[in-house]
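Per-entry structural report
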Amino acid sequence: MPYPIVEIDVTQPLPVISISENETGVAIILRRKGRPIDFWMEAMPPNCELPPEDLSVQISERAKLKLLGENISDELMPPRKAWRLPSLTVAICTKDRPELLVRCLKSVQATQYPDFGTPSFIETIVIDNAPSDEATRALVGSMPGVRYTCEPKPGLDFARNRALREATGELLAFLDDDVVVDRRWLVGLMEAWTENPDAVAYTGLVLPYELATEAQILFEKAGGFRRGFDKLRYHGQTLSNNPLYPCGAGIFGAGANMAFQREKLIELGGFDEALDTGRPLPGGGDLDIFYRVIRAGYPLVYEPQYMVFHQHRREIKALRRQYWSWGLGFMAFVGKSYHSDPPKRSKFLRLILWWFKDRLRYLKGSLRGRHELPPYMVLAELWGGVIGLLGEYSRSSRRIKHIRAIHMSFIATGLRLCIFLR
Amino acid sequence: MFAPWKIVHIELSQGIPELPFYYGIQGACVVFWWHGIPLGEQKIQVDHLPMPAFQLRQLATKAITPAVGDHLVNHGFKARLPMPPSIRLFDKPPDLQTLMALDQPLRRLRRHLSQPRDGLPCLSVSVVVCTRDRPEHLVLCLRSLEKLSERPYEILVIDNAPTSDATRCLVSETPEVRYILEPRPGLSIARNKGIENSSADVIAFTDDDVMVHPDWITRLRQSFQSPAVMAVTGLVLPAELETEAQFLFQQGNEPSKWGYRALTFDSDFFELMKSRGVPVWRIGAGANMAFRRKIFDIVGDFDERLGAGAAGCSEDSELWYRVLAQGWLCRYEPTAVVYHYHRKELSDLEHQIYHYMRGHMAALLIQFDKYRHWGNLYRAFGVLPWYYTKLFRKSLRNLMPGPKSQAGTLGAQIRGCLAGVKYYLQNRSCSSRFGASADKADWSEQEYISK
């Protein structure tokens, strides 16, 4: 069942890829001089080998344009000057998953520094979101150079906004606790910044950390979080060949790996706390902030070198829930923006129509066995979309009002208690 | 409201600048060059301007990679001949070692293109410009011909049935240009007069509403390297995209149609496409084409029933048809560049499209008449009606006001087709020099559309 993930650098001699008895395929991450340039998965019979000759044919067929393009890009690159790089705060929001968190923190500490300059400082904050025990606090306490903050209000965007208040760096990079950053993660982010100092948001490539279960393989085969291997810069209110831009905010990137100019993010009002609240609305907050960045007229940059590896859901049930939450989060975002951004209403209506049409078409294909995803996954996403559209955002807004009220009364009670004790 | 597109030429060897903001345009159409070789283009919408240099570099890299690969690597980067996707042509992927060894590909490309070619026959070139009462255009064309980096053997201006002597006066000011009067109207007639009066090995044709690139002659001449190549066409870039008509005209000529990679049309291509109508119109444009002189002795000269002033156009493609049918090669060579001023008025455009289709239809019938290749009739009476029905249905669905698309000129296209049939029937009696060689037709083939 599992697929080994093999990293190949075309500048090195090609390895022999051997598939063991219980493996049924291979996933290949192709790099050139450390930069990721392609990723693909291939089903293979167990107990076989892929010799370098066959591999080289595969590589040149798949990645010829990319390989030559990288060569040309190197040649056209003006000599690089030394940059004064921005200071960086890395914020990791977590909840009761210390074993994942420690893996993520270690990878952040092991990331390479760019050779074209050094950031004036890099700080790492862990935001512990409504923890049920002290494990995360104890863990972070044992790691030098990592700051611990607790955010009692449950909800990812409460945690992210807390990070926004706590951070001091010019750039603020968010990571989910279930990712591991690539060794060139920091180089990628800083390169994106040197090339686009005017950008307000940066997003990066997300590849699988492991492909060990059916659910993980299925998810990655269906596209995963990948957004391609080209640098992209989104700016302005139109995009040729995409009439639904910028409302279809899924193209911009994923919340598991994103960074912002901190001051601009504060100016934009931070994250919408009614999205990404965990159950029952786990998602949509990243789409919302990307959309607002673009609508405010700022550039958003996607940089493939700014790469993390995400541990996908292992169980089919959890995966189904993830698709459901994608539909839900996306439509909650659409519902919110439909109300908050009147000039784009007609576009959002078209987007809703397009989305349902597209998903239904996909469902049809899936029923005929033409797609990777089985019909029940697509149905879950569709169902999530329907729920999301039927006022999920306003329900969620009421819920977080309630959460805020509880916490306010909690604090008030505490204050009163203090005064009383005195 | 239509806003113009700005055409920006960027010479990559001089470094990549920031693309500035231009007021009052819809976007910029950027053409990327490397030491005078066009390698690719990219359209950029105005709200992406000003565009930082690094991002332009990004776009440039993406746009030029296929063409650079085509120049430097033997296989794997070839452009696809205009064929329906159902015909699979296997282009072997490039060797990975070769690809990895290509450091500094652009510098290599320059060396590759500037080295003297051994065994290149020293061909002389005559330039023939046909014109009719447009001295204000012609003067720009002649000025660009003066700037050619390599002098042609001769330059002829064929004045086609003029109403005044303005062209004669203009040409008399430039001593190295010969003036020839052709009183009978018709572009084919004028071009044939040019063939008659020229004496070089290669005859290069261009139009009066065109400006040529300084290396035009050099690149055309180089493309005749192989002795089997009888006809060469080149890249036609728009000189300006100021009006809606010019923009719409250009949309029909996107790089997908005439790209930045060379194409060789051979008899294999001809045989594969014969049963569905060989898309000879995709070989190039009459504004930028050249022929070996001897091909006119082999296949004859331009058919006087076709071309502007007669059926409308397609006199060029019909000649290429004959070249391919007799087993010779046509080559599309994008390094030979001219800039064309498209018609400015929408009414002109409609008129032009009408004549295009009229000429196209007549050419299909003439090609059938000469060779009995049934694919021509299949296209004329099977593919085109089917295509127009589809377009009509589509235009019914999009009745909302918006930018005019191809469906906007649907009426003109259909009227043109009908007129083409009528024109052919009226002029059938003209002697055709080529005998009937009946071919087996394959009517069951899948439809093929691309005009």
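Residues numbered from 1 in each chain as written. Chains lettered and ligands numbered in written order. Predicted model: local features only at pLDDT ≥ 70, side-chain atom pairs only at ≥ 80, totals over all residues.

It is worth spelling out the sheet that holds strand 3 (residues 25-32) of chain A at this point. Residue and element names in this part refer to chain A. Strand order in the open sheet formed by three strands is 1-3-4, with mixed pairing between adjacent strands. Pairing within the sheet leaves two strands with one partner each, and these edge strands are strand 1 (5-9) and strand 4 (35-43). Strand-to-strand twist across the sheet, computed as the mean angle between neighbouring axes with direction ignored, equals 20 degrees. Where strand 3 lies against strand 4, eight bridges are found, and the strand directions are antiparallel. Looking at the pairing, Gly25 lines up with Ala43 of strand 4. Sitting on the sheet, helix 1 (residues 52-76) touches strand 3 and strand 4, and the angle it makes with strand 4 is about 170 degrees. (Pairing = 2+ DSSP bridges. Helix = DSSP H or I, 4+ residues; strand = E, 2+ residues; numbered from the N terminus. Axes fitted to C-alpha atoms, helices over the stretch in contact; angles between N-to-C directions. Contact = placed C-beta atoms within 7 Å.)

This paragraph deals with the interface of chain B and chain A. Interface size is often expressed as the accessible area that is lost when the parts come together. Taken together, the contact between chain B and chain A spans 31 residues of the former and 25 residues of the latter. Counting only elements with at least two residues in the side of chain B that touches chain A, the list comes to strand 3 (37-45), helix 1 (53-72), helix 2 (96-101) and helix 3 (105-114) of chain B. Per-element accounting of the side of chain B that touches chain A gives the leading share, 12 residues, to helix 1 of chain B. Here the residues of the side of chain B that touches chain A sort into 15 nonpolar, 10 polar and six charged. (Nonpolar A, V, L, I, M, F, W, Y, C, P; charged D, E, K, R; others polar.)

Take the domain arrangement of chain B next. All names here are of chain B. Entries for chain B in the domain assignment read domain 1 (5-114), domain 2 (125-347) and domain 3 (348-426). Taken together, the elements giving at least two residues each to the side of domain 1 that touches domain 2 come down to strand 1 (5-11), strand 2 (27-34), strand 3 and helix 1. Among the elements that line the side of domain 1 that touches domain 2, the one with the most residues is strand 3, at five residues. (Domains from an automatic or database assignment.)

All names here are of chain B. Spatial ordering of the open sheet is given by 1-2-3, a layout of three strands whose pairing is mixed. Pairing within the sheet leaves two strands with one partner each, and these edge strands are strand 1 and strand 3. Between one strand axis and the next, the sheet turns by 20 degrees as a mean value, whatever way the strands run. Sitting on the sheet, helix 1 is in contact with strand 2 and strand 3, with an inclination near 145 degrees to strand 3.

Turning our attention to helix 12 (residues 392-421) of chain A. All names here are of chain A. Under the 1.5 Å per step criterion, the end-to-end length of helix 12 is 43 Å for 30 residues, consistent within 8% with the ideal 44 Å. Residues Glu392, Tyr393, Ser396 and Ile400 constitute the buried set of helix 12. Among the structural elements, helix 9 (316-340) and helix 11 (375-389) are those in contact with the buried residues of helix 12. (Expected span 1.5 Å × (residues − 1). Buried ≥ 20, exposed ≤ 12 C-beta atoms within 10 Å, placed from the backbone.)

Let us look at the domain arrangement of chain A. Residue and element names in this part refer to chain A. For chain A, the assigned domains read domain 1 (5-76), domain 2 (88-314) and domain 3 (319-390). Relative placement of domain 1 and domain 2: their C-alpha centres are 27 Å apart. Taken together, the 11 residues of domain 1 in the interface contact 12 residues of domain 2. In terms of residues, the side of domain 1 that touches domain 2 owes the most to one element, strand 4, which gives six residues. Tallied by class, the residues present in the side of domain 1 that touches domain 2 amount to seven nonpolar, one polar and three charged.

All names here are of chain B. The predicted model of chain B has a mean per-residue pLDDT of 84, with 89% of residues at 70 or higher. For chain B, helix 8 (residues 244-251) is the element with the lowest average pLDDT, namely 81, and strand 8 (residues 210-212) is the one with the highest, namely 94. Taken together, the stretch residues 431-451 has pLDDT below 50 and engages in 34 contacts with residues farther than four places along the chain or on a different chain. The ipTM, which scores confidence in the relative placement of chains, is 0.84 for this predicted complex, and the corresponding pTM is 0.86. (pLDDT = per-residue confidence, 0-100.)

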